[in-house]
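# Structure assessment
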Amino acid sequence: MSHFNDRKINLMILFFIVTLICSGVLIINNTYSWFTSKDEITNRFSTGQLDFSVGVVDVFDPDNPWKPLDNKKVTAKNYGTYPAFVRILVQPVMMKEGAPLKAEIGQELITNIKLYDSVINPTGKWLKDKDDYYYYLDLLNPGEVADPYLFTDIKLSDGLPDDYKDANLLIQVKVEAINALTYAYRDAWWNNISPLDDDLKKIDDILKTKVKD
């Protein structure tokens, strides 16, 4: 048995999560100012010579906070030495005077995410499920950045009511990655259940063709 196969059991349970909280937005009347802070956490797991590490890529220029189509880029990068499957969770939180306001991607917030569709966008690499995660539909090999980015632009929807003036928006981005051994992603993300319907089955149908024995 190869040295790599000797580590298979450990790899199957190896699971990496990195959470980034980034990009606070202060909305003042009809003029928008984006105050930003950024805190990156990179967790590296090592067992012998094993190095498995995937992290958030977040590109933001505070001097051009509302630059059209290019103001905030979010994706993932494989910093380790093993291929991985990746999913990203984007959680906007908008508050005003201590009370939450509705802030959902595709409604109050607009991005240029282009999801995979077998007819409309067959070359797309991201697909969202009911769990609100965006799944990357390919292996992320060592040194690679998930391409295309999940999104490169985020803005407020037109016609929001006055309730949204003077509100604060916080965008939380979480990347989760799992090694590419056979069905490790099912164990880690779906409790070892093979999905039977909806977008999760589409995700599984694609990922299972890319696993490593």
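Residues numbered from 1 in each chain as written. Predicted model: local features only at pLDDT ≥ 70, side-chain atom pairs only at ≥ 80, totals over all residues. Heavy atoms only, no water.

### Looking at the pairing of strand 10 (residues 133-136)
Definition in use: Each residue gets one of three labels from its accessible area relative to the maximum for its type: buried under 20%, exposed over 50%, partly exposed in between, using a 1.4 Å probe on protein chains only. Comment: elements are numbered from the N terminus, with helices defined as DSSP H or I runs of at least four residues and strands as E runs of at least two. Strand pairing follows a simple DSSP-based rule, namely that at least 2 bridges must link the two strands.
Alternating positions in strand 10 separate into two faces, Tyr133 and Tyr135 on one and Tyr134 and Tyr136 on the other, with burial throughout. Sheet topology note: the strand 9 (residues 126-128)/strand 10 ladder contains 3 bridges and is antiparallel. Residue pairing in the sheet places Trp126 in a bridge with Tyr136 of strand 10. The hairpin formed by strand 9 and strand 10 contains 4 residues between the paired strands, and Asp132 there has a positive phi angle of roughly 75°.

### Regarding helix 4 (residues 198-207)
This is how the line gets drawn: To be clear, the arc concerns the directions from the helix axis to the C-beta atoms. For this analysis, residues touch if any pair of their heavy atoms sits within 4.5 Å.
Every buried residue belonging to helix 4 is among Leu200, Ile203, Asp204, Ile206 and Leu207, and all of these are buried. On an axial view of helix 4, the arc spanned by its buried residues comes to 165°, and they lie on one face. Those residues of helix 4 hidden inside the fold are in contact with strand 6 (84-96), strand 9, strand 10 and helix 3 (184-190).

### Points about the environment of Val56
Structurally, Val56 can be placed in strand 4 (residues 54-60). Once the C-alpha coordinates of Val56 and Asn78 are considered, the two residues, 22 residues apart in sequence, prove to be 9.1 Å apart.

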